[in-house]
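Examination of the molecular architecture
The primary structure of each chain is shown beneath.
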Protein chains: 2
Amino acid sequence: MSHSLPVQSYLSYSLATAHRKVHGSLSKRLKEFNVQVEAWRVMEVLEAGNNLTMGDLAEAVLMNPPTLTKLVDRMVSDGIVHRRMASIDQRQVNLILTELGKKRVQQIREQAQLEDDAILNKLGSEKADLLHRILGELVQ
Amino acid sequence: MSHSLPVQSYLSYSLATAHRKVHGSLSKRLKEFNVQVEAWRVMEVLEAGNNLTMGDLAEAVLMNPPTLTKLVDRMVSDGIVHRRMASIDQRQVNLILTELGKKRVQQIREQAQLEDDAILNKLGSEKADLLHRILGELVQ
DNA sequence: CAAAATTAGTTGACTTGGAAAGGATTTTCA
DNA sequence: TGAAAATCCTTTCCAAGTCAACTAATTTTG
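Parameters and conventions
- Residues numbered from 1 in each chain as written.
- Chains lettered and ligands numbered in written order.
- Predicted model: local features only at pLDDT ≥ 70, side-chain atom pairs only at ≥ 80, totals over all residues.
- Heavy atoms only, no water.
- Helix = DSSP H or I, 4+ residues; strand = E, 2+ residues; numbered from the N terminus.
- Buried < 20%, exposed > 50% of the residue type's maximum accessible area, 1.4 Å probe, protein only.
- Contact = heavy atoms within 4.5 Å.
- Lys, Arg positive; Asp, Glu negative; His and termini not counted.
- Charge placed at Lys NZ, Arg CZ, Asp CG, Glu CD.
- Phe/Tyr/Trp six-rings, centres within 6.5 Å; stacked < 30°, edge-to-face > 60°.
- Near = heavy atom within 4 Å.
- Polar contact = N/O pair within 3.5 Å; in protein donor to acceptor, adjacent residues only side chain to side chain.
- Nonpolar A, V, L, I, M, F, W, Y, C, P; charged D, E, K, R; others polar.
- Axes fitted to C-alpha atoms, helices over the stretch in contact; angles between N-to-C directions.
- Left-handed = near helix turned anticlockwise from the far one by under 90°.
- Buried area = accessible area lost by both parts, 1.4 Å probe.
- Salt bridge = Lys/Arg side-chain N within 4 Å of Asp/Glu carboxyl O.
- Least-squares fit on C-alpha atoms with pLDDT ≥ 70 in both.

Attention shifts here to the overall build of chain A. If you tally the helices and strands in chain A, you get 6 helices and 2 strands. Counted from the first residue to the last, chain A has its helices and strands arranged as α-α-α-α-β-β-α-α. A total of 140 residues make up chain A; the buried ones form 44% of that total. When contacts within chain A are restricted to residue pairs at least 6 apart in sequence, long-range pairs at least 24 apart make up 48% of them. Positive and negative charge centroids in chain A, built from 18 and 17 side chains respectively, lie 5 Å apart.

Here the structure, examined in full by the defined rule, presents 2 aromatic pairs over all chains. With a centroid separation of 4.9 Å and an interplanar angle of 90°, the aromatic rings of Tyr10 of chain A and Trp40 of chain B are classed as edge-to-face. Of this pair, Tyr10 of chain A sits in the segment before α1 (11-31) while Trp40 of chain B sits in helix α2 (residues 37-47), placing the two residues on different chains. Accessibility classification places Tyr10 of chain A together with Trp40 of chain B in one group, the buried group.

We now examine the protein's contact with DNA strand D. Near DNA strand D you find 21 residues, and of these Gly55, Thr69, Arg83 and Arg91 of chain A together with Lys70 of chain B are the closest. Of all DNA strand D atoms lying within 4 Å of any protein atom, the proportion belonging to sugar or phosphate reaches 70%. For DNA strand D, a phosphate oxygen lies 3.2 Å from a polar atom in the side chain of Lys31 of chain A. One of the backbone nitrogen or oxygen atoms of Met54 of chain A is found 2.9 Å away from a phosphate oxygen of DNA strand D.

The subject of this paragraph is the protein's contact with DNA strand C. What surrounds DNA strand C is a group of 21 residues, the closest being Lys70 of chain A together with Gly55, Thr69, Arg83 and Arg91 of chain B. Taken together, the sugar and phosphate atoms account for 69% of what DNA strand C places within 4 Å of the protein. The separation between a phosphate oxygen of DNA strand C and a polar main-chain atom of Met54 of chain B is 2.8 Å. A distance of 2.4 Å separates a base oxygen of DNA strand C from a polar side-chain atom of Arg91 of chain B. Looking at the surface near DNA strand C, the elements with two or more residues in it are α4 (65-77) of chain A together with α3 (54-60) and α4 (65-77) of chain B. Residues that form the surface near DNA strand C fall into these classes: 5 nonpolar, 8 polar and 8 charged.

Okay, the packing of α1 of chain A against helix α5 (residues 99-123) of chain A next. All names here are of chain A. Two elements in contact, α1 and α5, have axes whose closest approach is 9 Å; the angle formed by their N-to-C orientations is 150°. Of the two elements, α1 crosses α5, and the hand of that crossing is right-handed. Taking contact as the criterion, the partners of Lys21, Val22, Ser25, Leu26, Arg29 and Leu30 in α1 are, on α5, Ile108, Gln111, Ala112, Leu114, Glu115, Ile119 and Lys122. Each residue belonging to the contact of α1 with α5 can be placed in one class, and the counts come to 7 nonpolar, 2 polar and 4 charged.

Attention now moves to the interface of chain B and chain A. Taken together, the contacts link 50 residues of chain B with 50 residues of chain A. Between chain B and chain A, roughly 5,300 Å² of surface is buried when both sides are summed, and carbon and sulfur atoms account for 70% of that area. Three residues, Tyr10, Leu11 and Leu138 of chain B, lead the burial of chain B against chain A; their summed loss comes to 14% of the area buried on that side. At the junction of chain B and chain A, the tally comes to 2 salt bridges. With a closest N to O distance of 2.9 Å, Glu137 of chain B and Lys127 of chain A form a salt bridge. Linking chain B with chain A are 22 residue pairs in polar contact (both at pLDDT 80 or more), by the criterion used here.

Next up on the list: the relation of the copies chain B and chain A. Each copy of the sequence occupies a distinct position, and chain B is placed on chain A by a rotation of 180° and an axial shift of 0.0 Å, giving an RMSD of 0.1 Å. Between the two chains, the operation in question is that of a two-fold axis. Interface overlap between copies: 100% of the residues of chain B at the interface are likewise at the interface in chain A, consistent with a symmetric, same-surface contact.

On their own, these measurements won't tell you what the molecule is for.
Below is the structure:
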């Protein structure tokens, strides 16, 4: 069943494996709502009231700016968000979550939470916490 | 500088962040050799002598089968591998690493090792080891 | 044994992602 | 102040990924 592969010894591989599993599972959950994982993250950031520029938002949701632009295009045409030019700097763009978007994010958050709970159940809260902390340290 | 974002509390987000950072950095290193991270993994698996089917290989290198097929097409045209029909089952395909491929994987492995070493230096061997173990448990 | 079902891999149509260039605005500085 | 440089986001063009359908080979089963 499980082979012994040389790549398995790499931390980069372990990370990729774990990420793929979790992301895939979360992605499947959100597909029921026709929502991409990254779109959910955008909604969460907006719903929390963070008024970010596209650039900062891209960083926050782990995307490259051109990719975010295209995702936002889709979200606009789906009626989830709309764009507004920032008054302080007309090059900047801010996003506003629509009422539909606000409704959606509530439902979707449940699914995302379930996904995280699954990890918590698998590892136990202590190891899950430790994982969270070590990953945080890694990305600093 | 660093905002407090609601998504940050999700383990799925921490994993995505860490993976993005490490994968991006590794990808940049391998770009010097015109090699994709996944292509390197394919080479490692082959070089270790594992004679897998395309399906099993896809799983091992964390790709979907159609994506692997296309990657292998490129690797074939780059002279890194070639395909061979399996004798036991003519539907199956095995890959053979060419001499060029064998040469390449040696050089590339150094870079990949450097990337892992960077993580090790950042976390210390104890935490790095712990991370490896927890991730392993998560994907079981 | 032969038809039906399953399995392995690929192909094709479509969507998404990425690097580099482009237009618009703002900032810098001589 | 105004020309040059920098910044922000988007666009464009091309590469890579995904889903579903397809071909070929093998296995199952009536």
